[in-house]
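# Architecture at a glance
Given next are the chains, with one letter for each unit.
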Amino acid sequence: MDDLIAARSLMGLSLGFHIIFACIGMVMPFMMAVAHYKWNTTGKEKYYILTKSWSKGVAIFFVTGAVSGTLLSFELGLLWPTFMKHAGPIFGMPFSLEGTAFFVEAIALGFYMYGWGKFSKWFHWFTGVLVGISGVASGVLVVAANAWMNSPAGFNYQDGVYSNIDPLKAMMNDAWFTQALHMTIAAFSATGFAVAGIHAYHYYKGNYRAFHKSAFRIALAIGAIAAFLQPISGDISAKDIAKRQPAKLAAMEAHYHTEPKAPLIIGGIVDEKSESVKYAIRLPGFLSFLAHGNFDETVTGLDQFPKDERPPVAITHYSFQVMVACGMLMMLVGFIFIISRWKYAHILERKWFLMLVILCTPLGFIAVEAGWMVTELGRQPWIIYGIMKTKDALTPMPGIQYSFYMFAGIYLLLAVMVSWLMNRQIRYINEHRSLPKII
Amino acid sequence: MLEIVIIFFWISILLYILLGGADFGAGILEIFSSQQNKIRIRTLTYHTIGPVWEANHMWLIIAIVILFVAFPDIYATFSTYLHIPVLLMLIGIIARGTAFIFRHYDAYQDGTSQKLYNFIFMASSLFTAFILGIIGGALISHNIPATATHFLDIYVLSWVTPFTLATGVLSTIICVFLAATYLIGESNKAEDKDYFRKKSFRFSIVIFAWGGIALLIGKITDVPLLNMMLKSKWSLSCFILSGISLMYYWRIIRSGEKWRPRIAAGAVIMWIMATAGVVIHPEIITFKDQAGLSFYNSAAGTLTIRYLAWALLIGGIFIIPGVIHLIVSFQAKE
């Protein structure tokens, strides 16, 4: 494995791992707060158990997210020192604000986790909400830094010199709003569906039903609403990318040839050599419509870019298809849920519906990972779009592949450990119908 | 504005060493205790360090963010030459953080898994504290070869020297010392207080002795630190102040009080760090064969510095009262 591929794989792996924990860390506090609200207002035992067990989930995911985030803050320098040397002062603003948001989150979590019975019940509840708010703020700020890589702003660049640096302008770059919106909604739908799926499974199996039923409904309500909002944000993103990063859009759609009335290519097998897509469904004019809001408009194809400035097409296209497919499915299930909740409550008890929710458990996170691949691979070969190439940012340190293997092992182990731990939490509650004791 | 950023950087580093150090130390202390005392330490650390430990960890991230935003050259150089120890430190941090949280949140507190978490927690506490000391030692010892071309010279021998190994051991001892001193004030039982007081006292002697040995090793292996320290009146004053703080600590440690020994112990460590910092001032990363990097010769543009300073000041308004409130709320009840 050459060092560039190894470094990119390691970075991708670290971000792919961190993103899951970050999403859960952003959304689960809100679920916990909903359950806590119900406990405060109804006083039903099941809500108390639910709040506490979700809060443990929050703590576990928060810490794992925090350590993987720490890792990332160092990894940027370990792998891409040249990038950080130039980019640090420009796009660092959101990171320095994120530090505060994260600190507030950590402090609020300390109050929340260890504050049972120590504060007034609504103040205590509020610290839980604060965990969620500051978590979302952290996420939105970190996305600003990534958005800057897609849409560099706040400096002048000439002959390798970066001048007139304005970190505030850099933070307020064009891609921030669309990316942050899309990511935040994705976090809500992914976490909502994942948590709902797990509780639906236990409900289906007949374990401690009152508990799992409430859990599954709170989580799915959050996931369903988000799944409905996501296509709107997706549309805003597509139009934005068409304007700013036409090469990325072309790779997402495997759109090789610049043409008016461009077709939307769904699925298919991309042949990068002959620059064609086989066995795909083509909807004429639809790509023009999605990109520019007009069926006749010309959409820039990959042929407008020199070969060494094109992103990898096949993998970007497939990732995009996977993301959209997962999103559609979640929207469908969300739709059934909302309708049933409103009028046909009996559907929520049906086996097929529970089965469907269980099958949706991983979909949101598959979509998150696929979407992440679209945005990162679609930016290649650039690390700062149009300014610096990824290969020029690489560390001189050799042997990055060994770091990659080692961290791949560590992440795998952590993923297994966290899943195992979560499973034990639920098993305990199913068996004892009460909370596990802590030393 | 640059001064504000630099002050925030040093405050973060100091707080990470004092608070984070006590946190690492609690893990290391477990290793050097009998089975019964291990449980004593565990129960106490869960109740006192548990609520604040995530916040402790943030100081390191703040320091790193300051580095890469305001002093990108220092960050890039640091992460290139010290790639390997930084990687090792990260592994330690991951292992420690997850083991700590796993052992408290595992629903079934049964034998095997708890044993595993404990082992990982203790081992990674020791390992990470040691590596942090090595990194610190490497930065100050004028040993990083800026012009070398061979892999071993650049990436390994830049941080593996007798002196850095000595600073690694020193930082480990410092962590244990801080943890033991901190835990005196958190114990409710006289027996516990006594136990931590003894530990704290013993480790203060070890710091004194090992600090001398580390300087001697530096002297023998031609690390220019000792000579530079003796020449600079500022660093010498810091060194003397650390000595005075240590004597004050020895005077009051028997009292078994909560705050004065903590402050004294913190002061000892703070002055030791200040001595090292002032010796290489204004440099932050020292090289073997050329002038090092300082905050002044590698600062980012004025606008970046100005915004960062404001972000830190505004952040401080949120963070500092929050942290204080958090620590005070979870103090052991007298």
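### A short note on the overall build of chain B
- Across its full length, chain B holds 13 helices and two strands.
- Taking 334 residues into account, the globule formula puts the C-alpha radius of gyration at 20 Å, and chain B, at 20 Å, falls close to it.
- Principal axes of the C-alpha set define a box for chain B whose edges measure 55 × 40 × 35 Å.
- Residues counted as buried form 53% of the 334 residues belonging to chain B.
- Within chain B, residue pairs in contact and separated by at least 24 positions form 76% of the contacts whose partners lie at least 6 positions apart.

### Focus on the overall build of chain A
- Scanning chain A from terminus to terminus reveals 14 helices and ten strands.
- Principal axes of the C-alpha set define a box for chain A whose edges measure 65 × 45 × 40 Å.
- Within chain A, buried positions represent 53% of all 439 residues.
- Sequence separation of 24 or more characterises 77% of the internal contacts of chain A that already satisfy a separation of 6 or more.

### A few points about the nonpolar core
- Residues Cys23 and Met31 of chain A together with Val5, Ile66, Leu178 and Ala179 of chain B are the most contacted members of the largest nonpolar core, which totals 260 residues.
- If one sorts the elements of this core by residue count, helix H1 (residues 3–42) of chain A sits on top with 21 residues.
- Ignoring sequence-local partners within four residues, the contact set of Leu178 of chain B consists of Leu18, Gly21, Ala22, Gly25, Ala265 and Ile269 of chain B.

### Considering unusual backbone geometry
All names here are of chain A.
- Put simply, Gln380 and Pro381 share a cis peptide bond, and its omega is 5 degrees.
- Here Pro381 lies in the loop between helix H13 (363–377) and strand E9 (382–384).
- One non-glycine residue, Ala254, lies in positive phi territory at about 50 degrees.
- Turning to its location among the elements, Ala254 is positioned in the loop between helix H9 (246–252) and strand E3 (259–260).
- The backbone of Tyr279 shows a phi angle near 55 degrees, a positive value even though the residue is not glycine.
- Structurally, the position occupied by Tyr279 is in the loop between strand E6 (276–278) and strand E7 (281–283).
- Classification of Tyr279 as exposed rests on a count of 7 C-beta atoms within 10 Å.

### Topic: the interface of chain B and chain A
- Tallying the contact residues gives 57 residues for chain B and 54 residues for chain A.
- Those elements giving two or more residues to the side of chain B that touches chain A turn out to be helix H2 (35–48), helix H3 (53–70), helix H4 (72–81), helix H5 (83–105), helix H7 (151–156) and helix H13 (302–329) of chain B.
- Here the residues of the side of chain B that touches chain A are counted per class, giving 39 nonpolar, 15 polar and three charged.

### A word on the packing of helix H1 (residues 2–31) of chain B against H13 of chain B
All names here are of chain B.
- Direction vectors running N to C along H1 and H13 enclose 50 degrees, while the axes themselves pass 8 Å from each other. Comparing the axis directions of H1 and H13 gives the class oblique. Considering how the two elements wind past one another, H1 and H13 form a crossing that is left-handed. Residues Leu2, Ile4, Val5 and Phe8 of H1 form the contact with H13, whose participating residues are Ile305, Leu308, Ala309, Leu312 and Leu313.
- Class assignment for the residues of the contact of H1 with H13 results in nine nonpolar, no polar and no charged.

### Overview of the environment of Ile154 of chain B
All names here are of chain B.
- Topologically, Ile154 is positioned in helix H7.
- Looking at Ile154, the number of C-beta atoms within 10 Å reads 19, which means it is partly exposed.
- Through-space distance from the C-alpha of Ile154 to that of His83 is 9.9 Å; in sequence the pair is 71 residues apart.

### Some remarks on H1 of chain B
- Its 30 residues give H1 of chain B an end-to-end C-alpha distance of 42 Å, which sits within 8% of 44 Å, the value for a rise of 1.5 Å per residue.
- Considering bend angle alone, the principal kink of H1 of chain B is centred on Gly21 of chain B and spans about 30 degrees.

### Observations concerning the environment of Val324 of chain A
Residues and elements named next belong to chain A.
- Within the secondary structure, Val324 is located in helix H11 (residues 313–342).
- Note on Val324: 18 C-beta atoms within 10 Å, which makes it partly exposed.
- Spatially, the C-alpha atom of Val324 lies 9.2 Å from that of Gly234, the residues being 90 residues apart in sequence.

### Side note on the confidence of the model for chain A
- Across chain A, the average pLDDT comes to 87, with 99% of residues at 70 or higher.
- Mean pLDDT across the elements of chain A ranges from a minimum in E6 of chain A, with 82, to a maximum in H13 of chain A, with 93.

### Topic: the confidence of the model for chain B
Residues and elements named next belong to chain B.
- For chain B, mean pLDDT is 85; residues scoring 70 or higher make up 96% of the total.
- Mean pLDDT per element in chain B: H2 is the minimum at 75, and helix H8 (residues 162–184) is the maximum at 91.
- Model confidence for the complex is summarised by a pTM of 0.86, with the ipTM given as 0.84.

### Re the environment of Val58 of chain A
Residues and elements named next belong to chain A.
- Note on placement: Val58 falls in helix H2 (residues 45–79).
- We classify Val58 as buried; it has 26 C-beta atoms within 10 Å.
- Excluding its chain neighbours within four sequence positions, the residues that come into contact with Val58 are Met28, Pro29, Met32 and Val131.

### Details of the packing of helix H4 (residues 93–114) of chain A against H13 of chain B
- The N-to-C vectors of H4 of chain A and H13 of chain B enclose an angle of 5 degrees; their axes lie 9 Å apart at closest approach. On the basis of the axis angle, H4 of chain A is roughly parallel to H13 of chain B. Along the contact surface, H4 of chain A presents Met93, Ser96, Leu97, Gly99, Thr100, Phe103, Val104, Ile107, Gly110 and Phe111 of chain A, while H13 of chain B presents Tyr307, Leu308, Ala311, Leu312, Gly315, Phe318, Ile319, Gly322, Val323 and Leu326 of chain B.
- Here the contact of H4 of chain A with H13 of chain B is composed, by residue class, of 14 nonpolar, six polar and no charged.

Analysis parameters
- Residues numbered from 1 in each chain as written.
- Chains lettered and ligands numbered in written order.
- Predicted model: local features only at pLDDT ≥ 70, side-chain atom pairs only at ≥ 80, totals over all residues.
- Helix = DSSP H or I, 4+ residues; strand = E, 2+ residues; numbered from the N terminus.
- Rg over C-alpha atoms; globule rule 2.2 N^0.38 Å.
- Buried ≥ 20, exposed ≤ 12 C-beta atoms within 10 Å, placed from the backbone.
- Contact = placed C-beta atoms within 7 Å.
- Core = buried A, V, L, I, M, F, W, Y, C linked by C-beta atoms within 7 Å.
- Nonpolar A, V, L, I, M, F, W, Y, C, P; charged D, E, K, R; others polar.
- Axes fitted to C-alpha atoms, helices over the stretch in contact; angles between N-to-C directions.
- Parallel < 35°, antiparallel > 145°, perpendicular 65-115°, else oblique.
- Left-handed = near helix turned anticlockwise from the far one by under 90°.
- Expected span 1.5 Å × (residues − 1).
- Bend = angle between axes of the 7 residues up to and from the residue.
- pLDDT = per-residue confidence, 0-100.

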